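Report on the structure
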Amino acid sequence: MSGVSVQFPVTHNTKSNLANVDWDNLPFGKIFADHMFVMEYANGAWKQGEILPFGPIAMHPAMSAIHYGQSIFEGMKAYRNQSDEVVLFRPELNARRFTESAARMCMPELPEEIFLEAVKQLVALDAAWVTNKPGYALYIRPFMFATDEFVGIKPSDTYKFVIISSPVGAYYAEPVRVKIEEHYTRAAVGGVGRAKAAGNYGASLFPAKQAQQQGFHQLVWTDAKTHTFIEESGTMNIMFVINNTLITPSEDSDTILRGTTKRTVLELAASWGIPIEERPVTVEEIITAAKNGTLQEAFGAGTAATIAPIAIIGYRDEKIELPALETREMSLKIKTFLHEVKSGAIEDTHHWVQKVC
Ligand SMILES: *Cc1c(COP(=O)(O)O)cnc(C)c1O
């Protein structure tokens with residue numbers, strides 16, 4: 001299968017759930033659009049993909065993904081713009097990252113044009129699920145998992161690639177309280193932190209739960225070896241503004257997920273002439289800057305929330321309050337710009353937006 005002109009066969013869902021959705025009380029990620037995309041891999045090749053009614057997937061009890069964790073995913077969003085078109089934001093970056101995650105997990109490469117076509121055709125079919133309510137979007141979840149029926153550790157010979165989608169509202173209602181984690185580790189050099197591999201998220205639940213019991217929303221992960229360098233925040237990349245310079249941990253090691261939102265923020269800031277430093281960032285310098293007042297802003301960057309301002313940083317026994325939200329000029333300007341590009345309020349001079357229908 002090659003080329004982008006492939007039209008995937010569709011089995012229509014005759015029992016749409018759309019009319020039952022309570023748009024004003026939408027839980028994150030629990031309601032799903034009417035269709036899903038499914039494509040199988042066997043005998044060294046991808047088979048014909050198809051769009052089916054959303055529903056359960058049959059599973060053999062020995063299916064290797066649930067035993068040994070060959071399972072990866074992506075997260076992206078479709079938006080409805082002011083011209084009533086449904087658009088995606090830089091989906092080619094998700095397609096590429098999916099192939100990189102697959103390679104790290106010994107899973108077959110999915111051609112990027114197939115990934116993109118599958119997302120676009122699925123979203124076009126369920127376009128009625130993309131609302132123009134402010135802050136809302138259709139969250140898209142492509143994933144791939146190993147399906148060999150075999151209780152033995154080796155790369156699976158068979159896989160399933162599936163895409164589901166879920167209408168969502170604003171992700172974080174309030175500015176986040178984060179805690180700097182100095183014991184547990186999200187990713188180590190040589191590990192799988194750069195891949196969006198399922199196990200990374202399962203492993204983070206225990207330390208994240210402890211932080212939540214202490215009143216925080218999420219953790220700031222530090223490097224596995226010394227716990228003195230800042231890496232990410234929860235499932236977002238982390239960015240700081242000190243002395244009007246945008247600072248974020250560099251991605252040289254394979255411990256940091258290469259986020260499309262962070263990349264976009266950096267490109268945008270560069271185009272505006274904002275000084276940027278992508279380099280190792282120490283816990284010490286951030287705590288010092290927070291205490292002496294030079295830390296102007298801190299925020300998480302990711303598809304779910306776009307920009308999530310950090311209100312409080314917990315460090316050992318201290319809770320350090322960051323400047324008031326109204327003063328966060330840079331992140332507010334970035335957030336507004338990204339929102340306006342997606343909604344079509346301003347011209348997409350960076351060519352980030354792709355029209356679905
Ligand atoms: C998905 C993810 C991000 C954010 O990536 P985006 O492409 O911006 O959504 C950051 N960190 C981790 C650990 C992630 O899983």
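What you see is a predicted model; the values in this text were computed from it and never measured. (Residues numbered from 1 in each chain as written. Predicted model: local features only at pLDDT ≥ 70, side-chain atom pairs only at ≥ 80, totals over all residues. Heavy atoms only, no water.)

1. Remarks on the domain arrangement of the protein chain
Under the domain assignment used here, the protein chain contains domain 1 (18–168) and domain 2 (176–343). Of the residues lining the interface, 19 residues belong to domain 1; the matching set on domain 2 comes to 21 residues. Interface area, domain 1 with domain 2, both sides summed: about 1800 Å², of which 60% is carbon and sulfur. Sorting the residues of domain 1 by area buried against domain 2 places Phe73, Phe89 and Arg97 first, and these three jointly supply 32% of that buried surface. The tally of links from domain 1 across to domain 2 stands at 1 salt bridge. The tally of links from domain 1 across to domain 2 stands at 12 residue pairs in polar contact (both at pLDDT 80 or more). Going through the elements one at a time, strand S4 (71–73), strand S5 (76–80), strand S6 (86–89) and helix H2 (91–104) are the ones with two or more residues in the side of domain 1 that touches domain 2. Element by element, the count of residues in the side of domain 1 that touches domain 2 is highest for H2, at 5 residues. Residues belonging to the side of domain 1 that touches domain 2 are distributed by class as follows: 8 nonpolar, 6 polar and 5 charged. (Domains from an automatic or database assignment. Contact = heavy atoms within 4.5 Å. Buried area = accessible area lost by both parts, 1.4 Å probe. Salt bridge = Lys/Arg side-chain N within 4 Å of Asp/Glu carboxyl O. Polar contact = N/O pair within 3.5 Å; in protein donor to acceptor, adjacent residues only side chain to side chain. Helix = DSSP H or I, 4+ residues; strand = E, 2+ residues; numbered from the N terminus. Nonpolar A, V, L, I, M, F, W, Y, C, P; charged D, E, K, R; others polar.)

2. Here's the deal with the pairing of strand S13 (residues 245–248)
Along S13, one buried face is formed by Thr245 and Ile247 and the opposite face, lined by Leu246 and Thr248, is buried too. With 3 bridges joining them, strand S12 (residues 236–242) and S13 adopt antiparallel strand pairing. Bridge pairing in S13 links Val241 to Leu246. Connecting S12 to the next strand, S13, in antiparallel fashion are 2 residues, including Asn243 with a positive phi near 50°. Following the backbone out of S13, through helix H5 (residues 260–271) and into the adjacent parallel strand S14 (residues 276–278), one traces a crossover that is right-handed. (Buried < 20%, exposed > 50% of the residue type's maximum accessible area, 1.4 Å probe, protein only. Pairing = 2+ DSSP bridges. Right-handed = clockwise from strand over helix to strand, strands pointing away.)

3. Quick word on the packing of aromatic side chains
Taken as a whole and assessed by the stated rule, the structure comprises 15 aromatic pairs. Arranged with centres 5.1 Å apart and planes meeting at 65°, the rings of Tyr41 and Trp46 form a pair that is edge-to-face. By the burial criterion, Tyr41 is buried, and Trp46 matches it. Between Phe143 and Phe145, the ring centres sit 6.0 Å apart and the planes meet at 15°, which makes this aromatic pair stacked. Here the two residues Phe143 and Phe145 agree in accessibility, since each one is buried. Feature note: the residues Phe8, Phe37, Tyr41, Trp46, Phe98, Phe115, Tyr159 and Phe161 constitute an aromatic cluster, connected by ring pairs. (Phe/Tyr/Trp six-rings, centres within 6.5 Å; stacked < 30°, edge-to-face > 60°.)

4. Section: the site of the ligand
Neighbouring the ligand are 14 residues, the closest being Lys196, Tyr201, Glu232, Thr261 and Thr303. A distance of 2.8 Å is found between an oxygen atom of the ligand and a backbone nitrogen or oxygen belonging to Thr260. One nitrogen or oxygen atom from the side chain of Thr261 is found 2.7 Å from an oxygen atom belonging to the ligand. About the coverage of the ligand: the protein hides 96% of its 380 Å² of free accessible area. Those elements that provide at least two residues to the shell around the ligand are S12 and H5. Looking at side-chain class alone, the shell around the ligand contains 3 nonpolar, 7 polar and 4 charged residues. (Near = heavy atom within 4 Å. Areas by Shrake-Rupley, 256 points an atom, 1.4 Å probe, with all protein chains shown as cover.)

5. A look at the packing of H2 against helix H3 (residues 112–125)
At their nearest, the axes of H2 and H3 sit 9 Å apart, and the two run at 130° to each other. In terms of orientation, H2 and H3 fall into the oblique class. The two elements H2 and H3 cross, and the hand of that crossing is right-handed. Residues Pro91, Glu92, Asn94, Ala95, Arg96, Phe98 and Thr99 of H2 form the contact with H3, whose participating residues are Glu112, Phe115 and Leu116. Looking at the contact of H2 with H3 residue by residue, the class counts come to 5 nonpolar, 2 polar and 3 charged. (Axes fitted to C-alpha atoms, helices over the stretch in contact; angles between N-to-C directions. Parallel < 35°, antiparallel > 145°, perpendicular 65-115°, else oblique. Left-handed = near helix turned anticlockwise from the far one by under 90°.)

6. A look at the side chain of Ser204
Examined against the element boundaries, Ser204 turns out to sit in helix H4 (residues 198–213). Given the relative accessible area of 15%, Ser204 is considered buried.

7. Describing unusual backbone geometry
Phi is positive for Thr306, close to 60°, though the residue is something other than glycine. Of the residues examined, Thr306 reaches a relative accessible area of 13% and is grouped as buried.

8. Some words on a negative patch on the surface
The grouping of Glu100, Glu109, Glu112 and Glu113 at the surface amounts to a negative patch. Here Glu112 is to be found in helix H3. On the basis of relative accessibility, which here comes to 31%, the residue Glu112 falls in the partly exposed class. (Patch = residues over 30% accessible without salt bridge, like charges linked within 9 Å, V, L, I, M, F, W, Y side chains within 5 Å. Lys, Arg positive; Asp, Glu negative; His and termini not counted. Charge placed at Lys NZ, Arg CZ, Asp CG, Glu CD.)

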